[in-house]
Structure formats: C-alpha cells, structure tokens
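# Structural features, examined
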Amino acid sequence: MIKKESIENLKNHLDVVDVISQFLELKKTGANFKACCPFHGETTPSFVVSPAKQIYHCFGCGVGGDSIKFVMEYEKLSYPETLEKLASMYNFNLDYENTTEKKQDTKVIEEVNKFYQKLFVNNDIVKEYIKKRGISEFSIEKFEIGYAPISADTINFLKSNHYNLTDAIDLGIIDTGTNGLYSRFIERITFPIYSISAKLVGFGGRTITGHSAKYVNSPQTKLFNKSKLLYGYHLAKEHIYKKNQIIVCEGYLDVIMLHQAGFNTAVATLGTALTAEHLPLLRRGEPKVLLAYDGDKAGLAAAFKASVMLSQSEFEGGVIIFKDNMDPADMVHTGKIQELNEIFSAPLSFSPFAIDYIISKYDINDANQKQKALIEANDYLKTLGLIYQDEYKRYLAQKLNIRENLIQISSNKQRIFTPNLSKIDIAELCIIKSILEKPKSLASILDIIDSTMFETHKREFELLLNDINDISLNSIVLNEKLENYDDERLNQELLTLLYKFYANKLTAISYDKDLDFKQKANLIRKIKDNINQLKNGKLVSYNL
C-alpha cells in the first residue's frame, strides 16, 4: 500500500494542465484552458481545465476532478495503478507501507514473450497456420503473437540468460514436476495477456501438434486471474470508451480478426464463461455490452448465463449468435465485414434472449411443458427491476401465447429515484461561487445564511458546507458565465437573498393556522425586525 504522505507529495508535484496536456490538446482561454471532452463526443469545447484550482470539469457530460482522477478515467486504471503511472511519468519515487513485501519482478515474463516472438518469426509452419487464418503481419505485431518451443528450449533460455527461475515459476512460465523443471507452454502459438494497465501478466497458448487441450492459459498467479481479465482489453479500452461499446467474444482469434477489420472494441474471456468478477471491468465507461458467441450448444448456454447476469446487473447491450459454424474470425476472413456491421448494429437484448433460451428448452405445444417454461421464465423475470419485469412480461406472454395476468411480477426490487433538476438561479449560484473562490468568507457567512434560504440550489450550498472541495462543485467554480463577486457586491447580493427569504417567511407565517397566537406574534416580530435591519443595509444573524 502506498503511504498517504507519499500520495500527498505526488499530488503537490503534479500540475493539472501539464498532466492533461499530455493526453489532450489544450487551448488557453482567459485564466483557464479548454479542449473537446474525451469522455463524450463533441465538436465545441466544453472541457475546462483550471490551473488556479488544479481541477477540470466538462460542462457537457459533467465529469470532473483533479490530475489523478483524469488519468484514472482516461486510461481506465485503478487508483493505485494511476498513482504508479503518474509517478513513473514524473520520475517520482513512491513510498509503500510494507517495504518488506517484495514487488513481483515481471522482467522474466517480458523477456520470455520476446523470445517466443522471435521463435514465431523463424517458424514457417506456425506462420503458415496464422496466415491461413487470415491474420495480417500488422496484427501479428500488434498482438505480439509468438511460439513456445519444446520444454527444454524454454528452460535453457531462462538458464543461459541467468533469469530468476523462482520468478519464472511465480509468473506461471515454468513449474517443477517429478522430473524437474518443465515449461507450461510447449509447442504452442502464444497470445500474451495483459492487465488493464497494459502489464504483461500471462499467456494463452494454442496447440499446433494435436494436443488434447486445444487451448491452455497461464495458471493463477499473483498477477494472473482469468476470471478478472479480458484478452485484448488493454488495446481496446480507449475505443470502448469513445464508442460506448464492448464486444465480448469467445476466442483470441476472434478478437484479433475483429480488430483487423476495424471492430476495435472486441475482447475475449480467457477460456472461461463470463463471471461476476468480470463485471467491474465491463462497467468501466458504462459501454453497451455485445456478446458475440458461437451458435453451438456450449455457446448458447454461455450466452444465456451471461445474459441473465448482465440483465440482472442492468447492463445495456445484447447478444449476437453466429450460426452455420461461422465465428467472427471466419466472417472477417471471408470478407463479410458489411454483414458483421449489420449484425453488431442489431443485437437481441439480454432479457428477450434469456426468455427465448428458457422457452427453447421446452415443447410449449404440451401444456405441462408450457407450464414449466412459464415458471422458469417467471422466476427469471422476478430477478429484474420493476420496469424490466413489466416490459418483458408482455414479451413472455406473446412467446407462450398466454394472457399477461398469468405472469406474476415481484415488488421486492427497490429503485432509488434521482430527480433531474434543470431549474437554475443565477443569483444563488453566483453567491455560492463567490464563497467557493474565497473559502475564508464562509466563517462569517455561516452566522447569516441557512441552506433553506436557497430555493433552487439548497443541495449545492449543503455540499459546500459539508465539503468545500467536493468535485460536484467544480461545475460552479469553472462556469465563466457566473460572476465571482467582490466583498461589497457579495454583501449586496446576500442582502437581497435574505430580504426575499424573510419576506416569504413573513407571508407564510401570517397564514399559518397551526401556530398559536403567542408563537406567531413572536416570529412576526423577529422577522419584521430582521427586514428593517436589511432595509438599512445591515446583514442579520439567522434567528428563526
């Protein structure tokens, strides 16, 4: 774990304009810098970077934060990964809490990958196989396709170069057996597997000698967990974010060929079904998820399980099933690019696919079978949100040719309602901005103002009170249309705000029938006294 002091020192070392300008072209406009936002498509720049505040904010999509947040979102990295990347960019040494724990040295796996790539170049049989599959020279380089030789050759390479064999074992390159050391990848085409931060963590290998295990992956290590990784994600992540789409395939070759054809948001699971552990990775950037699976029994079953999981987690997207023994790689190889475009533009949504799959298991011409199909499909529907249940019960009724009232929905799924506040009050926002620009003024203002005085922007003022550095307030700070009042103007605007508040309060209390005479008279006296002081230009303490 990185020490807190070290993180703070790194933050102090960073300049938000310098960091972001390494990823975007920034143009100076007044005191700030502007660019087209990289997180949503736009042609008019609404992405503002403030060197004075060391923050950024997009007025188009609402994203904002500091240097670290920007790199996290842009590069799709975790917080620790972002800190390490920035430290590397600025030649800054991070201090860790537990310095006794040795960090995994990955040099050996990187050198083995280069070794496999060289062997691939010199192996005509392997090159011919890859060529027959339609993979171009550019794709071979891009995906670093290699070839693992016989076990002894890999062991000799490690020993002759004096690499640490313990590291090679820890990284899943070799292992020990009854006859000593052996390589985990023997006479296989190799596909290097990278983490989301583009660190080499393992390999996938395809046999070319007819081995019973067609594909093998690295074993689980500290760095490699196949249930959390997606092949090709490090190359696809930027495109995924920009296109708001991720295509999940079943195989390495599907990914390579789809990228080759321009479908550069394609990734693949590593010889395993999509799992719940993949969901955080799929959720990054909130893309639409397209499952591109084979039409065989195994492919349909995998697509069903994934569809159930993704629909229950409320992912957008759908399923594409490839038929006639064709997979995405075959379609690219045979030049069916336009057909692929059409297929990917019209997926079947997850819930209808899941319902269709459930119904397909039963003979719905038989009443008993139809009843079983209804029960299973209904049980699935109840795991969805209320709107989805209501929407797809109609679909299920049509598929089974039954009345809708035979389908039960559950009210257990609760949803949080978030209001969409489009109304704004410029005067209130200017007061809030002025306080944000001069935080020291808050102490004197707190005695005068209550959050209830803000009719439109009560929430924003409460955010300011709770945490003046809350990134949600960046949109106010960086909004050039809002004035930053000097002390005299701020006092005038506060007088106006207070007068309006107490005038409204006086009217409300005068007509309040729940107050007894004594309470009402006391409050009216206080409010009238406050209003008189305000008329004389004096700010009054809140006393109600």
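Residues numbered from 1 in each chain as written. Predicted model: local features only at pLDDT ≥ 70, side-chain atom pairs only at ≥ 80, totals over all residues. Heavy atoms only, no water.

## A short note on the overall build of the chain
Along the backbone of the chain there are 24 helices and 15 strands. On C-alpha atoms alone, the chain measures out to a radius of gyration of 31 Å, which is more than a quarter above the 24 Å that the 2.2 N^0.38 rule sets for 544 residues. Expressed as lengths along the three principal axes of its C-alpha atoms, the size of the chain is roughly 95 × 70 × 45 Å. Counting all 544 residues of the chain, 44% fall into the buried class. Roughly 28800 Å² of accessible area belongs to the chain as shown, and the carbon and sulfur atoms make up 49% of that amount. (Helix = DSSP H or I, 4+ residues; strand = E, 2+ residues; numbered from the N terminus. Rg over C-alpha atoms; globule rule 2.2 N^0.38 Å. Buried < 20%, exposed > 50% of the residue type's maximum accessible area, 1.4 Å probe, protein only. Areas by Shrake-Rupley, 256 points an atom, 1.4 Å probe, with all protein chains shown as cover.)

## A few points about the environment of His234
Mapping His234 onto the fold places it in helix 10 (residues 233–243). It is 9.2 Å that separates the C-alpha atoms of His234 and Lys76, two residues lying 158 residues apart in sequence. Setting aside residues up to four positions removed in sequence, His234 forms contacts with Tyr194, Ser195 and Ala198. (Contact = heavy atoms within 4.5 Å.)

## Considerations on the packing of aromatic side chains
Counting across every chain of the model gives 25 aromatic pairs. Relative to Tyr252, the ring of Tyr231 lies with its centre 4.7 Å away and its plane at 70°, an arrangement referred to as edge-to-face. Placement of Tyr231 in the loop between strand 11 (215–217) and helix 10 and of Tyr252 in helix 11 (residues 252–260) is noted, with a sequence separation of 21 residues between them. Neither Tyr231 nor Tyr252 differs from the other in exposure class; each is buried. A cation sits over an aromatic face here: Arg283 above Phe315, 3.9 Å from the ring centre. (Phe/Tyr/Trp six-rings, centres within 6.5 Å; stacked < 30°, edge-to-face > 60°. Lys NZ or Arg CZ within 6 Å of the ring centre and 35° of its normal.)

## What to know about helix 21 (residues 458–466)
Taken as a whole, helix 21 has its buried residues at Glu460, Phe461, Leu463 and Leu464. Summarising the axial view, the buried residues of helix 21 lie within an arc of 155°, below the 170-degree limit, and thus occupy one face. (Arc of directions from axis to C-beta.)

## So, the sheet that holds strand 12 (residues 245–249)
Backbone hydrogen bonds are what pair the strands of a sheet, in a parallel or an antiparallel way. The parallel open sheet is built from four strands, whose spatial order is 13-12-14-15. The open sheet is flanked by strand 13 (266–268) and strand 15 (317–322), the only strands paired with a single partner. Ignoring strand direction, the axes of neighbouring strands in this sheet form an average angle of 25°. Along the sheet, helix 13 (residues 297–312) makes contact with strand 14 (288–294) and strand 15, crossing strand 14 at roughly 165°. Helix-sheet contacts for helix 16 (residues 350–360) involve strand 14 and strand 15, and the interaxial angle to strand 15 is about 50°. (Pairing = 2+ DSSP bridges. Axes fitted to C-alpha atoms, helices over the stretch in contact; angles between N-to-C directions.)

## Concerning the packing of helix 1 (residues 4–13) against helix 4 (residues 79–89)
Orientation of helix 1 relative to helix 4, taken along the N-to-C sense of each, is 50°, at an axis distance of 11 Å. Our classification of the angle between helix 1 and helix 4 gives oblique. Remark: the crossing between helix 1 and helix 4 carries left-handed chirality. On helix 4, the residues that touch Ile7, Leu10 and Lys11 of helix 1 are Tyr79, Leu83, Leu86 and Ala87. In terms of residue class, the contact of helix 1 with helix 4 is made up of six nonpolar, no polar and one charged. (Parallel < 35°, antiparallel > 145°, perpendicular 65-115°, else oblique. Left-handed = near helix turned anticlockwise from the far one by under 90°. Nonpolar A, V, L, I, M, F, W, Y, C, P; charged D, E, K, R; others polar.)

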